[in-house]
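Analysis of the macromolecular model
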Amino acid sequence: MTKETEEIVFQMANKELLPQMMLCIQEAQARLAAADIGQWQDGYPNSEQLLKDITRKESYVILYKNKVIATFCASFSEDPNYKVIDGAWHYDAPYVVLHRIAVRNSHLRQGLAAQIFQYTMQVASNKGISLFRVDTHADNQAMQSLLNRFGFRYCGIIQVRDGARYAYDLKW
């Protein structure tokens, strides 16, 4: 374990952290655009969405030296977009869903996304939940690769506000 890994802290997000959280989002939006991926290119997610996540106590950050280096939403509420799927979920049980993962450019390729998945699974396990659902853009190969490494299984295609997404689930 590196010294930096020992110094990162996961915590619930709060309104005071919103500007730093938006830097994570903006950098992720720019990376997606540079990779010619249409995801997050229409002003979403925005500060209003992150504030909703914070209010619902579904928003988390990773801090390094008291600075936000990543943000994500882990929700235990049913996702309305997951009710209709072209395909089928492998499991029907309460689940956690991960949305809006964004890591600062300065901390890419350090395993933070994998740590976010592990942390989310631990929080879910503590709530008695062992089912994980997630969706991603068809062109987001980095996320699809991470999902495959964790053992997520492809379920089909769901529709979100700006188009189709690949849907996956994992039971542990």
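Structure first, text after, so check above.
Residues numbered from 1 in each chain as written. Predicted model: local features only at pLDDT ≥ 70, side-chain atom pairs only at ≥ 80, totals over all residues. Heavy atoms only, no water.

**Remarks on the overall build of the chain**
Counted only if it meets this: Secondary structure is summarised from DSSP: a helix means a run of H or I of at least four residues, a strand means a run of E of at least two, and numbering begins at the N terminus for each. Working definition: with a 1.4 Å probe on protein chains only, accessible area under 20% of the residue-type maximum means buried, over 50% means exposed, and in between means partly exposed. Areas reported here follow the Shrake-Rupley algorithm with a probe of radius 1.4 Å; residue values treat only the protein chains shown as occluding. As used throughout, the charge tally considers Lys and Arg to be positive and Asp and Glu to be negative, leaving His and the chain termini uncounted. Think of each charge as sitting on NZ of Lys, CZ of Arg, CG of Asp or CD of Glu.
From N to C terminus, the chain includes five helices and eight strands. Across the chain, helices and strands are ordered from the amino to the carboxyl terminus as α-β-α-α-β-β-β-β-α-β-α-β-β. The C-alpha extent of the chain, read off along each of the three principal axes, is 45 × 35 × 30 Å. When the 172 residues of the chain are sorted by exposure, 48% land in the buried category. Total accessible area on the chain stands at roughly 8900 Å², and carbon and sulfur atoms take up 51% of it. Taking the 19 positively charged and 18 negatively charged side chains of the chain as two groups, their mean positions are separated by 4 Å.

**Structural notes on the pairing of strand E2 (residues 59-64)**
As a reminder of what qualifies: For two strands to be treated as a pair, DSSP must find at least two bridges joining them.
Within E2, six of the six residues are buried, which leaves it mostly tucked inside the rest of the structure. Both strand E1 (residues 8-12) and E2 contribute to a ladder of five bridges, which runs antiparallel. From the neighbouring strand, valine 9 faces E2, where its bridge partner is leucine 63. Here E2 runs beside strand E3 (residues 67-75); their pairing, made up of six bridges, is antiparallel. Within E3, the residue paired with valine 61 across the bridge is threonine 71. The turn joining E2 and E3, which pair antiparallel and follow one another in sequence, is formed by two residues; a positive phi near 55 degrees is taken by lysine 65.

**Here we look at helix H4 (residues 112-126)**
Defined as follows: Under the convention used throughout, the expected extent of a helix is 1.5 Å for every residue step, that is, one less than its residue count.
Between its terminal C-alpha atoms H4 stretches 21 Å, which fits the 21 Å expected from 15 residues at 1.5 Å a residue. Taken together, the buried positions of H4 are Leu112, Ala114, Gln115, Ile116, Phe117, Thr120, Met121, Val123 and Ala124. The first or second residue beyond H4 is glycine 128, which carries a positive phi of 80 degrees.

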